[in-house]
Amino acid sequence: MTLSLAHVTVDCTDAAALAGFWSELLDLPVDQGASKQFATIGREAGASPVLMFIRVPDKTPGKNVIHLDLIAEDWHQHIERAVSLGAKRIGDFDEYGAKWTTLADPEGNLFDIGAK
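All values derive from a computational prediction rather than experimental measurement.

Trainee: Looking at this model, I keep getting lost on the overall build of the protein. Mind explaining?
Mentor: Of regular secondary structure, the protein possesses two helices and seven strands. Starting at the N terminus and walking to the C terminus, you meet the elements of the protein as β-α-β-β-β-α-β-β-β. Dimensions of the protein, computed from C-alpha atoms along their principal axes, come out at roughly 40 × 35 × 25 Å. Split into buried and exposed, the 116 residues of the protein put 38% on the buried side.

As structure tokens, then:
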């Protein structure tokens, strides 16, 4: 199986408000269920990749605020492959109806690999 780009994720202080900006700019509707904590653009319209906005309490200095979300059916194998190539496993998550692992590339840039 191949690894695919699922989301471009933006850390922010108000997910719905920032999604509204990008919605207007890209002429794509904000998906249903947008809140201050979480919002997406393009999922319901069939866009790929989907823009995802997640509220973070404090933008951490040194942490990238935009990162890639990759998905695959055999996602655990891709996580192990990424680690074997030099990625560092940061954490495992099960939120917003999705499961994923956050990793850092060899220069510390964060990215996620999740279940398709």
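Trainee: I'm lost on unusual backbone geometry in this one. Help?
Mentor: Of all residues except glycine, most have a negative phi; of all peptide bonds, most are trans. Cis geometry is found at the peptide bond from Ser48 to Pro49, where omega equals 0°. Mapping Pro49 onto the fold places it in the loop between β2 (38-41) and β3 (50-55). Residue Asp27 is not a glycine yet carries a positive backbone phi of 55°. Take Asp27: it is sitting in the loop between α1 (15-26) and β2. With phi around 55°, Tyr96 is a residue other than glycine that occupies positive phi space.

Trainee: Looking at this structure, how should I read the sheet that holds β3?
Mentor: In any sheet, the strands associate via hydrogen bonds between backbone groups, in a parallel or an antiparallel arrangement. Spatially, β2-β3-β1-β4-β7-β6-β5 is the arrangement adopted by the seven strands of the open sheet, whose pairing is mixed. Of all strands in the sheet, those with a lone pairing partner are β2 and β5 (88-95), marking the two edges. Going across the sheet, the axis of each strand differs from the next one's by a mean of 25°, ignoring polarity. Alignment of β5 against strand β6 (residues 98-104), held across seven bridges, turns out to be antiparallel. Directly across from Phe93, in β6, lies its bridge partner Trp100. Strands in contact with α1 are β1 (4-12), β2 and β3; relative to β3, the strand with the most contacts, it is inclined by about 155°.

Parameters at a glance
- Residues numbered from 1 in each chain as written.
- Predicted model: local features only at pLDDT ≥ 70, side-chain atom pairs only at ≥ 80, totals over all residues.
- Heavy atoms only, no water.
- Helix = DSSP H or I, 4+ residues; strand = E, 2+ residues; numbered from the N terminus.
- Buried < 20%, exposed > 50% of the residue type's maximum accessible area, 1.4 Å probe, protein only.
- Pairing = 2+ DSSP bridges.
- Axes fitted to C-alpha atoms, helices over the stretch in contact; angles between N-to-C directions.
- Contact = heavy atoms within 4.5 Å.

So far we have only geometry, and geometry alone does not tell us how the molecule works.
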